[in-house]
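Structure at a glance
Residues per chain are reported as follows:
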Amino acid sequence: MSDFKTGSPDTLAFLRKRRSHPAITMSEPGPEEDQVRDLLTIAARVPDHGKLAPWRFILFRPDDGRKIGAWLAQRYGALNGPLDDDQKNKELTRFTRAPLIIGVVSKAAEHPKIPVWEQQLSAGAVCMNLVTAAAAAGYASQWLTEWYTFDEQAAAYLGARPGERFAGFIQIGTATQPPVERPRPDLDDLISNWTETD
């Protein structure tokens with residue numbers, strides 16, 4: 001009888017220590033074009049009830065980032081009033097910090113059999129797969145949303161079509177410093193065994 005149980009201790013060890021890197025600490029180089037396609041292929045290998053592929057990708061490069069930053073600074077000012085120098089610089093540089101930013105767009109929509117929530121979860125799984133794949137390929141990565149994810153005009157400027165929304169922007173580059181570990185939840189506070197209730 002064949003034994004189908006095959007483990008990968010190296011993969012488990014990697015997953016135990018995976019950390020996000022702040023985009024502001026990233027530098028060149030980013031992934032080459034063939035690596036980008038490989039990362040996106042891996043990202044798309046997620047649970048997808050109904051095989052709808054209810055997500056898509058938009059690539060943002062640093063050369064585009066300067067134009068995007070100018071637009072975001074203007075939009076943020078229109079929403080919140082005049083920007084001080086720190087906030088203005090923050091908006092101007094949001095899309096120039098990492099060599100590559102991949103927007104993951106959720107295309108979740110009403111379906112006769114597949115709940116919208118399941119489609120949205122699938123897009124979230126794409127983001128996590130992409131972050132993990134980038135880290136496994138040796139790159140720093142971070143999953144961000146920020147205010148422009150939730151502002152309809154900004155999201156449309158960044159490429160979201162009517163009815164779509166960004167699940168996140170995955171920043172990918174080369175680490176310039178080790179990531180700082182953060183406190184993790186106590187599993188005992190998160191785990192329970194099911195019991196029947198009245």
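Throughout what follows, the structure given in this document is the object of discussion.

Things to note about the environment of F150
Here F150 shows up in the loop between β4 (140-144) and α6 (152-157). Excluding its chain neighbours within four sequence positions, the residues that come into contact with F150 are T145 and R165.

A closer look at the nonpolar core
Judged by nonpolar contacts, the single largest core of 21 residues is most densely connected at F60, L72, F95, Y148, L158, F166 and F169. Elements with a contribution of two residues or more to this core: β2 (55-60), α3 (62-80), β3 (100-106), β4, α6 and β5 (165-175).

Describing the pairing of β5
With two bridges joining them, strand β1 (residues 26-27) and β5 adopt antiparallel strand pairing. Looking at the pairing, S27 lines up with T174 of β5. Pairing of β3 with β5 involves seven bridges; the strand directions are antiparallel. Looking across to β5, one finds that I102 is bridged to I170. Strand direction decides the pairing type here: β4 and β5, joined by five bridges, are antiparallel. Counterpart to S141 in the pairing with β5 is I172.

Section: the pattern of salt bridges
All chains considered together, the criterion is met by eight salt bridges. A salt bridge links R66 to D63, with the shortest nitrogen-to-oxygen separation between them at 2.9 Å. One end of the pair is R66 and the other is D63, both in helix α3 and three residues apart, which spans about a single turn. For the residue pair R66 and D63, the accessibility class agrees, reading exposed in each case.

Considerations on the environment of T132
Considering the arrangement of structural elements, one finds T132 in helix α5 (residues 116-136). The buried category is assigned to T132, whose relative accessible area is 18%. Taking the C-alpha atoms as reference, T132 lies 15 Å from I101; in sequence the two are 31 residues apart. Here T132 is in contact with F14, L15 and R18, once residues within four sequence places are set aside.

Cut-offs applied
- Residues numbered from 1 in each chain as written.
- Predicted model: local features only at pLDDT ≥ 70, side-chain atom pairs only at ≥ 80, totals over all residues.
- Heavy atoms only, no water.
- Helix = DSSP H or I, 4+ residues; strand = E, 2+ residues; numbered from the N terminus.
- Contact = heavy atoms within 4.5 Å.
- Core = buried A, V, L, I, M, F, W, Y, C linked by side-chain atoms within 4.5 Å.
- Buried < 20%, exposed > 50% of the residue type's maximum accessible area, 1.4 Å probe, protein only.
- Pairing = 2+ DSSP bridges.
- Salt bridge = Lys/Arg side-chain N within 4 Å of Asp/Glu carboxyl O.

Scope: geometric values only; no functional claims are made or implied.
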